[in-house]
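Here's the letter readout for the chains.
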Amino acid sequence: MTGDGVVAGGRAQIRVLIADDQALVRGAMAALLNLEPDIDVIAEVGDGAEALAALREQQVDVSLLDVQMPGMDGIETAERMRTEQPHVRVLMVTTFDRPGYLKRALAAGASGFVVKDTPADQLAEVVRRIHSGLRVVDPHLAQESLFEGDNPLTEREVEILLRAADGEPVAKIAAALYLSAGTVRNYLSNAIAKTCTTNRIEAARTARDRGWI
């Protein structure tokens, strides 16, 4: 690499941030990508908040975000990045090939979506293509998304279902959201009906399996 951030042959160095709550996974991705002469992993973090903080301190071209992270997940992080750092291209990386995640990620502003078992050489090429301004989506997920309906849950139903799935009683949910207990029960009933399940735990599980929450 030359002193001005350009590798031999004239290709620009791509500065990459990786956010994944599994240290072994992000370390392995970083090691593999750093083998590429035109890719430099300059930051490795464990959650969305750390990713946003790192972007404020370092110049990043492409961010690789895990979909499921504690606190601020990858999709919410992508939305924040679009607002705060619109020049940064976002690649979502996930273990779970769920079409619902794909649709939510693209709506959040992600430029690509791949699964974690993508071969290293292909992942590097995806990073390059996204950096060049293209959109790249795992072909299997793209095909599956054609047959998967849109998320039928409203934002409020998603919010309440997530709280219910974590074990919060109706009264606590109602107090936290400034709603009546009856209103919360109605939202839960709607979510259960839309997921074709029989209770809120099954509804949350089904919604997660489909990538709706």
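The structure we're discussing is the one just above.
Scope of this entry: the structure provided in the associated data block. Computed from a predicted model, the values in this text were never measured in an experiment. Every chain begins its residue count from 1, and numbering advances along the sequence as written. Residue-level local features of this predicted model are given only where pLDDT is at least 70; pairs of side-chain atoms are given and counted only at 80 or more, and the full residue set underlies all totals for whole chains, interfaces and linings. As a rule here, side-chain values cover all heavy atoms of the structure and leave hydrogens and water aside.

1. As for the nonpolar core
A general tendency of soluble globular proteins is for nonpolar side chains to be buried together. Residues enter a nonpolar core if they are buried and are Ala, Val, Leu, Ile, Met, Phe, Trp, Tyr or Cys, with the set joined through side-chain atoms within 4.5 Å. Burial here depends on accessible area, computed with a 1.4 Å probe over protein chains only, as a share of the maximum for the residue type. Under 20% is buried, over 50% is exposed, and the range in between is partly exposed. One finds Leu-17, Leu-65 and Met-92 to be the most contacted residues of the largest nonpolar core, which totals 25 residues. Here a helix means four or more residues in a row that DSSP labels H or I, a strand means two or more in a row labelled E, and each is numbered from the N terminus. Breaking this core down by element, the ones donating at least two residues are β1 (14-19), β2 (39-45), α2 (48-57), α3 (74-84), β4 (89-94) and α4 (99-107). With 4 residues, the top contributor of residues to this core is α2. Contacts were defined at the residue level, with two residues in contact if any of their heavy atoms lie within 4.5 Å. For Met-92, the contacting residues outside a window of four places in its chain are Leu-65, Asp-66, Val-67, Gly-74, Ile-75, Ala-78, Ala-105, Ala-110, Gly-112, Phe-113 and Val-114.

2. Thoughts on the environment of Ser-189
Along the chain, Ser-189 turns up in helix α9 (residues 181-194). Residue Ser-189 is classed as partly exposed on the basis of its relative accessible area, which comes to 42%.

3. Things to note about the pattern of salt bridges
Salt bridges, as used here, are contacts in which a Lys or Arg side-chain nitrogen is within 4 Å of a carboxyl oxygen on Asp or Glu. Evaluated as defined, the whole model comprises 10 salt bridges. One salt bridge connects Asp-38 with Arg-128, and the closest N-O pair in it is separated by 2.7 Å. Highlighted residues: Asp-38 in the loop between α1 (23-33) and β2 and Arg-128 in helix α5 (residues 120-131), separated in sequence by 90 residues. Judged by relative accessible area, which is 16%, Arg-128 ranks as buried. Three or more residues joined by partner-sharing salt bridges are found here, namely Glu-36, Asp-38, Glu-125 and Arg-128.

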